[in-house]
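Each chain, letter by letter, is given below.
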Amino acid sequence: MSNMPTNTRHQAGLTALYLGIFATVWFSVPAVEQPWRALLVVGSVASMITAVLGGVMSGRPRGEGGGAQERATNRRYLLIVVAEFAAAGLGAVLLAAADRSEYIPVLVCAVVGLHFFPLAPLLRDPLLRPLGVALCVVAAAAGLVAAFGSAVSAGRVVGTGAGLLLLGYAVQALVRAYRLA
């Protein structure tokens, strides 16, 4: 398998759509004052614009339908995402029960990063692996921030870091979709 992404315009557009939406969600995690709030709003708006453009780019030409292989890929994709949500949800419940709620965004960021590893071969997009590593590094940094009681919240670290990483990757996918058009 090549090291270059081999996905289609449709897949690249969907990647920009999904990651643009999730970047918007991550930018909304930190509770911050100005000027940070304004910067996070700008990031959210840029993420939503990227998501909308990705949705437009993911449209299929008339007559192009998904075959059996695409349906199997979609099923595996759904299983990975369900496992991701289950792990993050269970972890969040356990952290809340242990009175460690400040670590919930850290855990969720780590789980999101880890879910890109099985998605990379499934979507034939090896660039998802470095994205996964980067998200896990952000989660680790936020965990250290929370563990040492820094004045900067773990939520600010993961919200800003994950938002920027996902937005950057979404823009890259959007550019890829445009080139494949």
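Refer to the structure printed above.
For the structure given in this document, a descriptive report is provided here. (Residues numbered from 1 in each chain as written. Predicted model: local features only at pLDDT ≥ 70, side-chain atom pairs only at ≥ 80, totals over all residues. Heavy atoms only, no water.)

### What to know about the environment of A110
1) Next: Summarising the element assignment, A110 is placed in helix 4 (residues 104-122).
2) Next: Separated by 29 residues in sequence, A110 and A139 place their C-alpha atoms 5.4 Å apart.
3) Next: Non-local contacts of A110, meaning those with residues more than four positions away in its chain, are made with C136 and A139. (Helix = DSSP H or I, 4+ residues; strand = E, 2+ residues; numbered from the N terminus. Contact = heavy atoms within 4.5 Å.)

### Quick notes on the side chain of T73
1) Next: On the secondary structure map, T73 appears in helix 3 (residues 68-97).
2) Next: T73 gets classed as buried once you look at its relative accessible area, which sits at 13%.
3) Next: Residues in contact with T73, not counting those within four places in the same chain, are L122 and L123. (Buried < 20%, exposed > 50% of the residue type's maximum accessible area, 1.4 Å probe, protein only.)

### Some words on the packing of aromatic side chains
Two aromatic rings, taken as a pair, are described by how far apart their centres are and by the angle between their planes.
1) Next: Inspection of the entire model under this criterion finds one aromatic pair.
2) Next: Ring geometry for Y18 against Y77: centres 6.4 Å apart, planes inclined by 25 degrees, an arrangement best described as stacked. In this pair, Y18 is assigned in helix 1 (residues 9-27) and Y77 in helix 3, connecting sequence segments 59 residues apart. (Phe/Tyr/Trp six-rings, centres within 6.5 Å; stacked < 30°, edge-to-face > 60°.)

### Observations concerning helix 1
Because an α-helix completes one turn every 3.6 residues, residues spaced three or four positions apart along the sequence face the same direction.
1) Next: End to end, helix 1 covers 26 Å across 19 residues, agreeing with the expected 27 Å (1.5 Å per residue, within 8%).
2) Next: Residues of helix 1 that are buried sit in contact with helix 2 (36-57), helix 3, helix 4, helix 5 (128-147) and helix 6 (154-180). (Expected span 1.5 Å × (residues − 1).)

### Observations concerning the nonpolar core
1) Next: Among the nonpolar cores identified, the biggest contains 31 residues, and C109, F116, L128, L131, L135 and L166 are the most heavily contacted of them.
2) Next: Elements supplying a minimum of two residues to this core: helix 1, helix 3, helix 4, helix 5 and helix 6.
3) Next: Not counting chain neighbours up to four residues away, the residues in contact with L166 comprise L19, F22, A23, W26, F116, L131 and L135.
4) Next: Grouped together as the second largest cluster of nonpolar side chains are six residues, A12, A16, L174 and A177 included. (Core = buried A, V, L, I, M, F, W, Y, C linked by side-chain atoms within 4.5 Å.)

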